[in-house]
Amino acid sequence: MKACLLHSPAPVERNPLEFGDAPDPQPAPGEVLVRVKMCGICRTDLHVVEGELPPKKSPVIPGHQIVGVVEKLREGAHRFKIGDRVGIPWLHSTDQTCEFCRSGAENLCDHPTFTGWTVDGGYAELAVAPEDFVYAIPNSFADQHAAPLLCAGIIGFRCLRLSGIKRGGRLAFYGFGAAAHIAVQVARHWGAEVYAATRGAKHQQLALQLGAVWAGEATEAPPDKLDAAIIFAPAGELVPQALGALKKGGVLVLGGIHMSPIPSFDYHLLYQERVIRSVANNTRIDGEDFLRVAAEIPIHSQTTLYPLREANRALNDLKSDRVNGAAVLDCTR
Ligand SMILES: [Zn+2]
Ligand SMILES: [Zn+2]
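Residues numbered from 1 in each chain as written. Chains lettered and ligands numbered in written order. Predicted model: local features only at pLDDT ≥ 70, side-chain atom pairs only at ≥ 80, totals over all residues. Heavy atoms only, no water.

(A) Molecular detail of the coordination of the zinc ion (ligand 1). Binding of the zinc ion (ligand 1) to the protein goes through Asp95 (OD), Cys98 (SG), Cys101 (SG) and Cys109 (SG), at separations of 2.0 to 2.3 Å. One can describe the donor arrangement at the zinc ion (ligand 1) as tetrahedral, given that its four donor atoms subtend angles of 96 to 121 degrees at the metal. Written as a sequence motif, the donor residues of the zinc ion (ligand 1) are D-x2-C-x2-C-x7-C. (Donors = N, O, S within 2.8 Å, 3.2 Å for Na, K, Ca; no water. Tetrahedral: all angles 85-135°; square planar, octahedral: opposite > 155°, others 65-115°.)

What follows is the structure in structure tokens.
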């Protein structure tokens, strides 16, 4: 098969992914082999390619928002039929035995595998995954619009849940990329008022189009005090900024897997029962619930397509904020 391989992490400006031939992946018992149609690009891919997430496998094929068609089933795989359209997400597998898995927090599993980091992902023509960790994709979404739902969508949904935002509540997003442009649609559906603090006029414009009541620079204070805020940008300096915008008892959720150091800040920003919490991965229940809600609303994801061989260009565009909405690789060309 054709694939984009990462042999060793490097800044994306040096185009570290090599497009070429790789052996076809072989499904293990209980796994499905998927012919990849589209693979969404996530900021986490940037952290894998640039090495903020330490390499776990070399070479590795990045990519964990995979939409494709089941091409082969190994013994023990019965959930899907050949030809079914499925999605492979970031959470590739868990041990299902550790204390976290047993208590319904498999997102915190002690022995997880992650698609496109610890095992090969979807910047390729073929990918494999355990059937239990694969999602059925609702019919209403085209392949390219389904891809960003699989991480940007699901993680954004978990962030919304953990923010505790309620109908009539005020919620801000810091950073307005793939995750926020989907989460704003869910938050609006739930009746929350949304504020977008983000770099760049294009991202601010998109936020307003999607129903935000205010959009400004990340360094500006939103005009109203907030019940909750979610930081999607990997910028630790936004933490004191966002805390300062919260009401008493407000919740700040950090949605990324990597963040630059958080500067020290005065205790009064946190006092009055404000809460800071991170979000790590997601459970399969989050994923199933989100995909159902996404089809109900329905979510419209805005995508920019790149051919598989141009994954380096897509990552460069993501890094320099040139993608509005979500970048998606077309793995069929
Ligand atoms: Zn576990
Ligand atoms: Zn992701």
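(B) Main features of the pattern of salt bridges. In total, this model carries 19 salt bridges according to the counting rule given. We note a salt bridge from Asp286 to Arg161, for which the minimum N-O separation is 3.0 Å. Placement of the pair is Asp286 in helix α8 (residues 284-296) and Arg161 in helix α4 (residues 152-163), with a sequence separation of 125 residues. For Asp286, a relative accessible area of 3% translates into the label buried. Using a relative accessible area of 35% as the deciding quantity, one classes Arg161 as partly exposed. Among the ionic pairs, Asp289 bridges to Arg161, the shortest N-O distance being 2.7 Å. Placement of the pair is Asp289 in helix α8 and Arg161 in helix α4, with a sequence separation of 128 residues. When its relative accessible area of 16% is taken as the criterion, Asp289 is described as buried. Linked by salt bridges that have partners in common, Arg158, Arg161, Asp286, Asp289 and Arg292 make up one network. (Salt bridge = Lys/Arg side-chain N within 4 Å of Asp/Glu carboxyl O. Helix = DSSP H or I, 4+ residues; strand = E, 2+ residues; numbered from the N terminus. Buried < 20%, exposed > 50% of the residue type's maximum accessible area, 1.4 Å probe, protein only.)

Everything listed here is a matter of coordinates, which is why it stays silent on function.
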